[in-house]
Amino acid sequence: MLLLLTGAVAVHSEELSEQSDQYTDLQAPQPHYTNTETFLYRLDRFIQKILLNELDSSYLTFHENCWRLSFTNSETGNLTGLQAYDIINKGNVALNIHSRPSVDLGFDINYRGISLSFAWDPLHSYTQKFNFAFYGRTCGIEISHYTYANMSGDFQPVGNNPPIIFKGNDMEIKTTLINLFYAFNYKKYSPSASIRQGYRQLKPAGSFLVNAQYRGNSFVTVNENITEGLNYINEINLYQIALGAGYGYNYTPNRGKVMLHISAMPMIVVFNHAVFTWNDKIGDTPIQLSSVPKPRFPVYFTGTARASVAWEANKWVSLAAYGQFNNIRFRTKETQETENLRLNSWDWSVNILIGVRFGVKKERVKAVLEAHDEKARNGAKVFLPFLDK
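All of these numbers come straight from a predicted model, not from anything done at the bench.

Conventions and cut-offs
- Residues numbered from 1 in each chain as written.
- Predicted model: local features only at pLDDT ≥ 70, side-chain atom pairs only at ≥ 80, totals over all residues.
- Heavy atoms only, no water.
- Helix = DSSP H or I, 4+ residues; strand = E, 2+ residues; numbered from the N terminus.
- Contact = heavy atoms within 4.5 Å.
- Areas by Shrake-Rupley, 256 points an atom, 1.4 Å probe, with all protein chains shown as cover.
- Buried < 20%, exposed > 50% of the residue type's maximum accessible area, 1.4 Å probe, protein only.
- Pairing = 2+ DSSP bridges.
- Salt bridge = Lys/Arg side-chain N within 4 Å of Asp/Glu carboxyl O.
- Core = buried A, V, L, I, M, F, W, Y, C linked by side-chain atoms within 4.5 Å.
- Patch = residues over 30% accessible without salt bridge, like charges linked within 9 Å, V, L, I, M, F, W, Y side chains within 5 Å.
- Polar contact = N/O pair within 3.5 Å; in protein donor to acceptor, adjacent residues only side chain to side chain.
- pLDDT = per-residue confidence, 0-100.

Focus: the overall build of the protein
So, step 1. When helices and strands are counted, the protein shows 5 helices and 18 strands.
So, step 2. At a minimum sequence separation of 6, the contacts of the protein that also span at least 24 residues come to 69%.
So, step 3. When the accessible area of the protein is evaluated, it comes to approximately 20,800 Å², of which 61% is carbon and sulfur surface.

See the structure below:
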C-alpha cells in the first residue's frame with residue numbers, strides 16, 4: 001500500500017513539473033523587476049555601445065549612472081565698447097557699457113553628453129540663459145542664447161561735454177551662439193568630459209580642435225541721449241560666422257575623480273553682416289529706418305577660451321565649475337554715406353554646478369537578465385517584455 005501511494009505522488013509530481021516547464025515564459029522571473037527598468041537598462045547599454053565605439057577604453061568611458069541633474073549658480077557678463085567717428089553734425093562719440101552683477105539660478109539635465117540647461121535672475125530678471133549641447137564621439141554642437149538687461153555705463157558726447165551716466169533698463173543685449181567642433185584625437189579626448197562631464201576621462205589627454213561658430217548680437221537702447229548722439233541709431237544687429245583651430249587638454253591625476261580642463265580657439269570671422277536701425281519721422285508720424293553698412297575689412301580675428309574643474313565625490317554626487325569667454329568685433333567701411341563705427345564686445349559665462357547622478361539600478365536588472373539567461377540555457381522559452389537580448 002505504501003509503495004502504491006509513493007508511486008502515485010511521484011507521478012503527480014512529474015505532471016506538475018511538466019506543466020511548470022510549459023508555462024515558464026508566463027511566470028514572473030526572480031528576483032522581482034519592472035519592464036521599464038529592464039527596457040531603460042537595455043536602451044542605455046545600446047546607446048553606450050554606439051557612443052563608445054572606436055574609443056580607447058583606457059582613456060574614455062561613461063559614468064555608471066547615466067543621468068545627472070545639476071543645480072547651477074552662474075554669472076554671465078558683457079563688456080562692450082562702441083566708438084563712432086565723424087558723425088554728421090556730431091563729430092566723435094564713445095559708448096562704454098558693461099553688465100551689472102546678478103545672481104543667476106538654474107538647472108542642468110545631462111544624459112551621456114546630451115545636456116539642456118536654463119538659468120535666470122530670480123530677483124531682478126536681469127539675465128536669462130539657455131543652453132543645449134550634444135557631444136558625440138568625434139564632434140559636437142552647442143547652442144546658447146543670453147539676454148542681458150542689466151547694462152550700465154557712460155556715453156561720451158561730442159567735445160568736452162561731461163559724460164552721460166546711465167544704468168537700469170536703458171540698454172539690452174541679446175547674444176546667440178552656435179558652436180560646431182571636431183576633435184582629432186577623439187579616441188582619447190572628449191570636450192564633454194570637462195565641460196558637461198558626460199564622458200569620464202581616465203587618463204590625461206589633449207587634442208587639436210577645429211571649430212565653426214555662428215554668432216548673432218543685438219544691441220538696443222531706449223536712452224534718448226545715446227540715440228541722439230549716435231545720429232538716432234537705437235538698434236545694432238551683428239551676424240558673424242567664424243572658423244578656427246585650437247587645442248584642448250584634459251588633466252586628471254586619479255582616473256577622472258578630479259578633472260582640469262583648458263582650451264583656446266583663435267578664429268577668423270569670414271562672414272560679417274550688420275543692420276543699423278534708427279527712428280525718424282514723416283511729418284508727425286514716427287517711423288523706423290535701417291541700413292546695411294559694409295564692413296571695413298573682409299576678415300576679423302577673434303577667439304574663444306574655456307577652463308573648467310570638476311570633482312566626482314562618488315558615483316552619485318559631483319561638483320563642477322567652468323567658464324567661457326568670447327569676443328566679437330566689427331568696423332564699418334568709411335564712406336560719405338555711412339558713419340565710421342567701431343564695436344568691440346566681450347562676454348563671459350562662469351558656472352558652478354552641484355549635480356546628483358542617477359540611473360537604472362544596474363545590479364537589479366543585471367540579476368534579472370542573468371536569471372533569464374540561465375533559464376534559456378536550460379532550454380526553457382523566456383519572454384522578456386519590449387526587448388530581445
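Here's the deal with the pairing of strand β6 (residues 127–135)
So, step 1. On β6, burial follows the alternation: Thr127, Lys129, Asn131, Ala133 and Tyr135 on one face are buried, whereas Gln128, Phe130, Phe132 and Phe134 on the facing-out side are not.
So, step 2. Looking at chain direction, strand β5 (residues 114–120) and β6 are connected through 7 bridges and run antiparallel. Across the sheet, residue Ala119 finds its bridge partner in β6, namely Lys129.
So, step 3. Pairing geometry for β6 and strand β7 (residues 139–148), over 9 bridges, is antiparallel. Bridge assignment links Thr127 to a residue of β7, and that residue is Tyr148.
So, step 4. Hairpin connection of β6 to β7: 3 residues between the antiparallel strands.

Brief notes about the pairing of strand β17 (residues 317–331)
So, step 1. Pairing analysis gives 9 bridges linking strand β16 (residues 300–312) to β17, with the strands arranged antiparallel. In the strand pairing of β17, Ala310 is matched with Ala320.
So, step 2. The pairing of β17 with strand β18 (residues 340–358) spans 15 bridges and is classified as antiparallel. Counted as the bridge partner of Ser318 is Gly355 from β18.

Re the side chain of Thr147
So, step 1. By the element assignment, Thr147 lies in strand β7.
So, step 2. Excluding its chain neighbours within four sequence positions, the residues that come into contact with Thr147 are Tyr126, Thr127, Gln128, Glu172, Ile173 and Lys174.

Let's talk about the pattern of salt bridges
A side chain with one charge can pair with a side chain of the opposite charge if their charged atoms come near.
So, step 1. This structure, assessed with the given rule, holds 7 salt bridges.
So, step 2. In this structure, Lys174 and Glu172 form a salt bridge, with 4.0 Å as the shortest nitrogen-oxygen distance.
So, step 3. Residue class for Lys174 comes out partly exposed when judged on its relative accessible area of 37%.

Points about the nonpolar core
So, step 1. Core analysis: the largest hydrophobic core is formed by 25 residues, its most contacted members being Leu82, Leu95, Ile97, Leu230, Ile236 and Leu238.
So, step 2. Judged by nonpolar contacts, the second largest core, of 20 residues, contains Leu60, Phe62, Met267 and Ala320.

Some points on a nonpolar patch on the surface
So, step 1. Taken together, Tyr182, Phe184, Phe208, Val210, Tyr247, Tyr249, Tyr251, Leu260, Ile262 and Val309 make up a surface patch of nonpolar side chains, about 930 Å² in accessible area.
So, step 2. Broken down by secondary-structure element, the contributors of at least two residues to the nonpolar patch are β12 (205–221), β13 (233–251) and β14 (258–282).
So, step 3. For the nonpolar patch, the element with the most residues is β13, which contributes 3 residues.
So, step 4. Its place among the elements puts Phe184 in the loop between β10 (171–183) and α3 (192–195).
So, step 5. Phe184 sits in the exposed class, given a relative accessible area of 51%.

Topic: unusual backbone geometry
So, step 1. Of note, Glu54 is a non-glycine position whose phi angle comes to about 75 degrees, a positive value.
So, step 2. Classification of Glu54 as partly exposed rests on a relative accessible area of 45%.
So, step 3. Positive phi values are uncommon outside glycine, yet Arg255 reaches one of about 55 degrees.
So, step 4. In this fold, Arg255 is placed in the loop between β13 and β14.
So, step 5. On the accessibility criterion, Arg255 (48% relative accessible area) is partly exposed.

A short note on the environment of Gln213
So, step 1. Relative to the assigned elements, Gln213 resides in strand β12.
So, step 2. Placed 32 residues apart in sequence, Gln213 and Phe181 show a C-alpha to C-alpha distance of 8.6 Å.
So, step 3. Other than its neighbours up to four places away in sequence, Gln213 contacts Leu177, Ile178, Asn179, Gln240, Ile241, Ala242, Met267 and Asn326.
So, step 4. Polar side-chain contacts of Gln213 include one of 3.0 Å to the side chain of Asn179.

Examining the confidence of the model for the protein
So, step 1. Scored by pLDDT, the protein has a mean of 78; 76% of the residues are at 70 or more.
So, step 2. The low-confidence segment residues 1–6, where pLDDT is below 50, has 0 contacts with residues more than four positions distant or belonging to other chains.
So, step 3. In this model, residues 8–32 is a region of pLDDT below 50 whose contacts with residues beyond four sequence positions or in other chains number 12 contacts.

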